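# Analysis of the macromolecular model
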Amino acid sequence: MKVNITHIFENIYKKESDAIFRFCFMRVSDREQALDITQETFTRFWQKLQKDEDIQNNRAFIFMIARNLIIDWYRKKKAISLDKMIENDLEDTPYFTVDDSSIDNLELGPEGRYVLDKVNELSPSARDPIYMRFVEGLSPSEIGEILGISTNAASVRINRGLIELKKKTGYNDNVK
Amino acid sequence: MKNINWNKGLKQLKNIKMTDTEKDQIFKSVMNYPLPKQSPIKSNWVTYSQIFAFKKHKMAYYTVIASLIVILSGQGIVYASQDSLPGDILYPVKIKVLEPVRSALTLSTEAKAEYESNLATKRLEEAEKLASNNKLDKDTEKRISELVKNHTSALDNDLSRLNKSSKNKKEKVDDIVTNFQAGMNAHSQVLEEILGSNDYIENESEDDSISKTARDSGNKVRQNYRNDDHDLKKYKFKKESVESIINSTTKDIENIKDNRSKAKQNVIENTHKKLDQAKELLKNADDKNEKSDNENAYNDLLDSESSAKEANIFLNVGLKIEDHRNNNKEHNDDSKSESREVRSFLDNND
């Protein structure tokens, strides 16, 4: 049993650790902090596995833990005005605006910055779904589970985000 | 051109990764994280918070509230339907839901048979109540007859199962059969008395008259389930019990104080007839017993018991219904005289 869950954990860690780190890094804009949250995310996931609790979709579950931890981090930090945060939601906090110097640390090219800028320009409810769909390749049902909404609602947000993105970037059907 | 930019941008974003050292460090620290052995201390407010959490799940909350309402109002309906009569709104609830459910919940065949026998008697009592209030029409009569037939066939099934199950139950079968026959005969006669006094002309050839159905049912059950194989040692005991029923019914007749009304006289007369019949059958049984015709003696004894019980039931029910009718009559007379007084008062004032 123990061997089995270690094996499961190891596999998931190999597959998802970078995506989780990236997700955290995008939101907290601080490498050390992102590493901390990533570690905490996987620690909680490991505890859940040990307690043999029923998890339907491991990937969505890990993203959900990470998202909740980021929300907690913002609450503690209070660097961003609480007014901007609507009801425990991350949606109002843009990607990578806390500290512009951290973008330099990423060694992102102009194209990467362009994508991030455009994602930040989207309406708050579309940012997370678009990022998760197109950067991390999560399915609408997984996104729905992470955000605590239905699959249909997640699909609607992705589609609306996509239309918005097309308008902002001037693409027709190039965003896939 | 722009499309290439976008795809490149996505690639660059996907390249944001942890270094191998960072990955290893995190993996190790996670794997070494001790599992907390103690369960968290439970807050005193946890019960309340669970109630509020439950309230948040609206569907569950409303479902529970709705089921509570259904259960509580259901109990009210059950209670209210118990005394309902044919034609009442709740009567179908009683005969189609309540009674079948009770019957299904009764486990032993013996109890089931008794329950069905009681239900058949109950139907006749309902008919008596309706008839004494002049509310028994042809349709209701037909319906009650059908119900009596249904109860009889259910009783028939139960008795046949009881007969097959074991020999020890034969005495019980005899009891149930005797009681059923006595009840059917007594109540059908009471019903006939009421209907007769209501100037109701009963067509004897009619198959669905309640009293005929009841008598037929009683006779059918008696013919089908009168055992030939009796425990003859119990003859003496049985005889004593029949005698005691005859004596107590005779005493009941003597104790009736106000026996001047014609209807009551009629009831008493009919009871005497039945008692005489019971005594005669008892005498026959004794004669046959002396001649060592034991089986027939015991059968006569059982018939005598049935007649004695019939006399007892007829007397009690007949008197009760006569009292009820007299009360109604007095009430009607009072209200008539009152209205007469009011009218004369008004006339005088005019």
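Residues numbered from 1 in each chain as written. Chains lettered and ligands numbered in written order. Predicted model: local features only at pLDDT ≥ 70, side-chain atom pairs only at ≥ 80, totals over all residues.

### A word on the overall build of chain B
Scanning chain B from terminus to terminus reveals twelve helices and zero strands. Shown N-terminal to C-terminal, the secondary structure of chain B runs as helices and strands in the order α-α-α-α-α-α-α-α-α-α-α-α. For chain B, the proportion of its 350 residues judged to be buried stands at 30%. Summarising the internal contacts of chain B: among those between residues at least 6 apart in sequence, 77% fall at separations of at least 24. (Helix = DSSP H or I, 4+ residues; strand = E, 2+ residues; numbered from the N terminus. Buried ≥ 20, exposed ≤ 12 C-beta atoms within 10 Å, placed from the backbone. Contact = placed C-beta atoms within 7 Å.)

### Details of the overall build of chain A
Along the backbone of chain A there are eight helices and zero strands. Reading the helices (α) and strands (β) of chain A from amino to carboxyl end gives α-α-α-α-α-α-α-α. Put simply, chain A has 176 residues, and 36% of those count as buried. For chain A, the proportion of contacts with a sequence separation of at least 24, taken over those separated by at least 6, is 57%.

### Examining unusual backbone geometry
The backbone of asparagine 134 of chain B shows a phi angle near 60 degrees, a positive value even though the residue is not glycine. As for its position among the elements, asparagine 134 of chain B is in the loop between helix H6 (109-132) and helix H7 (138-165).

### A few points about the interface of chain B and chain A
Contact with chain B, which involves 21 residues of that partner, is made by 28 residues of chain A. Listed by contribution, the elements that provide at least two residues to the side of chain B that touches chain A are helix H1 (2-14) and helix H2 (20-31) of chain B. The element contributing the most residues to the side of chain B that touches chain A is H1 of chain B, with ten residues. Taken together, the residues that form the side of chain B that touches chain A break down as ten nonpolar, five polar and six charged. (Nonpolar A, V, L, I, M, F, W, Y, C, P; charged D, E, K, R; others polar.)

### Structural notes on the confidence of the model for chain B
All names here are of chain B. Scored by pLDDT, chain B comes out at a mean of 80, with 81% of its residues at no less than 70. By mean pLDDT, helix H3 (residues 46-56) is the weakest element of chain B at 68, and H6 is the strongest at 89. Below a pLDDT of 50 lies the segment residues 200-205, which in the model reaches three contacts outside its immediate sequence neighbourhood of four places, other chains included. The ipTM for the predicted assembly is 0.80, set against a pTM of 0.51. (pLDDT = per-residue confidence, 0-100.)

### Things to note about the packing of helix H7 (residues 140-147) of chain A against helix H8 (residues 151-169) of chain A
Residues and elements named next belong to chain A. At a minimum axis distance of 8 Å, the contact between H7 and H8 shows a crossing angle of 105 degrees. When the axis of H7 is compared with that of H8, the two are roughly perpendicular. Here H7 contributes Pro140, Ser141, Ile143, Gly144 and Leu147 to the contact with H8, which in turn contributes Thr151, Ala153, Ala154, Ser155 and Ile158. Along the lines of polarity and charge, the residues of the contact of H7 with H8 split into six nonpolar, four polar and no charged. (Axes fitted to C-alpha atoms, helices over the stretch in contact; angles between N-to-C directions. Parallel < 35°, antiparallel > 145°, perpendicular 65-115°, else oblique.)

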